[in-house]
Amino acid sequence: MSDVWKIYGIRYTTQPSRPAHRTFLFGEPDEETGGLDYYSWVLVSDNRAIVVDTGAAEQKMKALGRDWFGTPSAALKHLGVDPDHVEDLIISHAHWDHVGDLGAFPKAQFYMNDLEMESITGPDMSYKVMREAYHMNEAQEIAGLVYEDRLTFLQGDGTFAPGVDYTLIGGHSAGQLALTVSTERGPVVLATDAIHFWQEVEQERAFLIFHDLRQMLAGYRKMYAMVGGDLGRLIPGHDPLIAKRYPVVETLPDGSPFILDLGAAPIAW
Ligand SMILES: [Zn+2]
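Residues numbered from 1 in each chain as written. Predicted model: local features only at pLDDT ≥ 70, side-chain atom pairs only at ≥ 80, totals over all residues.

A short note on the overall build of the chain
Then, in step 1: Helix and strand counts for the chain come out as 7 helices and 13 strands.
Then, in step 2: Relative to its full complement of 269 residues, the chain shows a buried share of 44%. (Helix = DSSP H or I, 4+ residues; strand = E, 2+ residues; numbered from the N terminus. Buried ≥ 20, exposed ≤ 12 C-beta atoms within 10 Å, placed from the backbone.)

Set out below in structure tokens:
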């Protein structure tokens, strides 16, 4: 079995503008971050596809007034992947913008860190501010997968498949994972939301939503070390610069980026 993977990011919606005080701890209202892009990911090898997060439920994003570029599960067809046949789906963490379409993968086994489940079903969620980024229907759906033998808990760090390792980062959410993926250019760390913007690592700038601030900051340093300081090998979860720095493999009708090749070397920095 090949242990070299492609990493594709499906940019399914965007918030075109977002001030720093809504984004970073101690951010200023007059600083613009450049917006927030939203992604679902898929790892593809010669004979296997592993989906990482599904993106949000379409109607929830539309209710926020956001443009919807395309449902990630449907966009997989551009990559030769049929959601009906996907067998592995890793949930990096259970925030609503990552788990809104689990039902589109009827044959999948789901994988999530055990601390994330403990958090979304336990005392953490008795604090309104801590459940802000989770939605009840999705937490119930994930708990239901346990009863159907469709959720496997990933504990700590380990190897998911040859060439795909997972690391418990925590911080942003209790069970936030990062994935280290073997690609043609060597290992690439798909941070998902362990990092939202590169500047969090470059400037140790704290994202505004977190479960444990100290752990989130330690995670930034840990992932920086994991890539040997090469930020081109560290893929954040929401940075609008991603779509400028990596090759586009599928565009929207207006020419803007829809699917990006994140396993490839950056084309600009
Ligand atoms: Zn997110």
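Section: the sheet that holds strand S8 (residues 164-168)
Then, in step 1: With respect to topology, 5 strands assemble into an open sheet ordered S7-S8-S9-S10-S11, the strand pairing being mixed. At either end of the open sheet lies a strand with only one pairing partner, and these are strand S7 (158-161) and strand S11 (234-236). Strand-to-strand twist of the sheet, defined as the mean angle between neighbouring strand axes without regard to direction, takes the value 25 degrees.
Then, in step 2: On top of the sheet, helix H6 (residues 213-226) reaches strand S9 (177-183), strand S10 (186-192) and S11; it is set at about 165 degrees to S10, its chief contact. (Pairing = 2+ DSSP bridges. Axes fitted to C-alpha atoms, helices over the stretch in contact; angles between N-to-C directions. Contact = placed C-beta atoms within 7 Å.)

Brief notes about the environment of Gly27
Then, in step 1: Among the secondary structure elements, Gly27 is positioned in the loop between strand S1 (6-15) and strand S2 (36-44).
Then, in step 2: Considering only alpha carbons, one finds Gly27 and Phe197, 170 residues apart in sequence, at a separation of 14 Å.
Then, in step 3: Every residue in contact with Gly27, bar those within four places of it in the chain, is listed here: Ala20 and His21.

What to know about the sheet that holds strand S3 (residues 49-52)
Then, in step 1: What the 8 strands build is an open sheet, ordered S6-S5-S4-S3-S2-S1-S13-S12; its pairing is mixed. Looking at the sheet topology across the chains shown, the edges are occupied by strand S6 (151-154) and strand S12 (248-251). Neighbour-to-neighbour, the strand axes of the sheet open up by a mean angle of 25 degrees, direction not taken into account.
Then, in step 2: Sheet analysis places S1 next to S2, joined by 9 bridges and oriented antiparallel. Note that in S2 the partner of Gln15 across the bridge is Leu36.
Then, in step 3: Each of strand S5 (109-113) and S6 touches helix H3 (residues 114-121); the most contacted strand, S5, lies at about 80 degrees to it.

Structural notes on the nonpolar core
Then, in step 1: Membership of the largest hydrophobic core comes to 62 residues, with the highest contact counts inside it found for Ile7, Leu43, Val52, Ala178, Leu190, Ala191 and Met223.
Then, in step 2: Broken down by element, the residue count for this core peaks at 5 residues, all from S2.
Then, in step 3: Here Ala178 is in contact with Thr167, Ile169, Val189, Leu190, Ala191, Thr192, Ala194 and Met223, once residues within four sequence places are set aside. (Core = buried A, V, L, I, M, F, W, Y, C linked by C-beta atoms within 7 Å.)

Concerning unusual backbone geometry
Then, in step 1: Phi angles above zero are rare outside glycine, and Phe26 is one such case at about 65 degrees.
Then, in step 2: By secondary structure assignment, the location of Phe26 is in the loop between S1 and S2.
Then, in step 3: Phe26 gets classed as exposed once you count the C-beta atoms within 10 Å, which come to 9.
Then, in step 4: Positive phi values are uncommon outside glycine, yet Thr192 reaches one of about 45 degrees.
Then, in step 5: Of note, Thr192 is situated in strand S10.

Some points on the pairing of S7
Then, in step 1: For S7 and S8, the ladder comprises 3 bridges, and the chain directions are antiparallel. Looking at the pairing, Gly158 lines up with Tyr166 of S8.
Then, in step 2: The hairpin formed by S7 and S8 contains 2 residues between the paired strands, and Gly163 there has a positive phi angle of roughly 90 degrees.

Some points on H6
Then, in step 1: In this model, H6 (14 residues) spans 20 Å end to end at C-alpha, consistent with the 20 Å of a helix rising 1.5 Å per residue.
Then, in step 2: Residues of H6 that are buried include every one of Met216, Gly219, Tyr220 and Met223, and no others. Looking down the long axis of H6, one finds its buried residues gathered within 105 degrees of arc, a one-sided arrangement. Seen from the buried face of H6, the exposed residues on the opposite side, beyond 90 degrees, are Arg214, Arg221 and Ala225.
Then, in step 3: Check the buried side of H6 and you find it contacts S9, S10, helix H5 (198-203) and S11.
Then, in step 4: Immediately downstream of H6, the backbone of Gly228 shows phi near 60 degrees, a positive value. (Expected span 1.5 Å × (residues − 1). Arc of directions from axis to C-beta.)

Brief notes about H3
Then, in step 1: Where H3 is concerned, the buried positions are Leu115, Glu116, Met117, Ser119 and Ile120.
Then, in step 2: Among the structural elements, S5, helix H4 (136-147) and S6 are those in contact with the buried residues of H3.

A word on the environment of His85
Then, in step 1: Mapped onto the elements, His85 comes out in the loop between helix H2 (72-75) and strand S4 (88-90).
Then, in step 2: It is 7.6 Å that separates the C-alpha atoms of His85 and Ala108, two residues lying 23 residues apart in sequence.

A word on the environment of Glu87
Then, in step 1: Secondary-structure assignment places Glu87 in the loop between H2 and S4.
Then, in step 2: Classification of Glu87 as exposed rests on a count of 12 C-beta atoms within 10 Å.
Then, in step 3: Between the C-alpha atom of Glu87 and that of Arg48, which follows or precedes it by 39 residues, the distance is 8.6 Å.
Then, in step 4: Not counting residues up to four positions away in its chain, the partners in contact with Glu87 are Lys107, Ala108 and Gln109.

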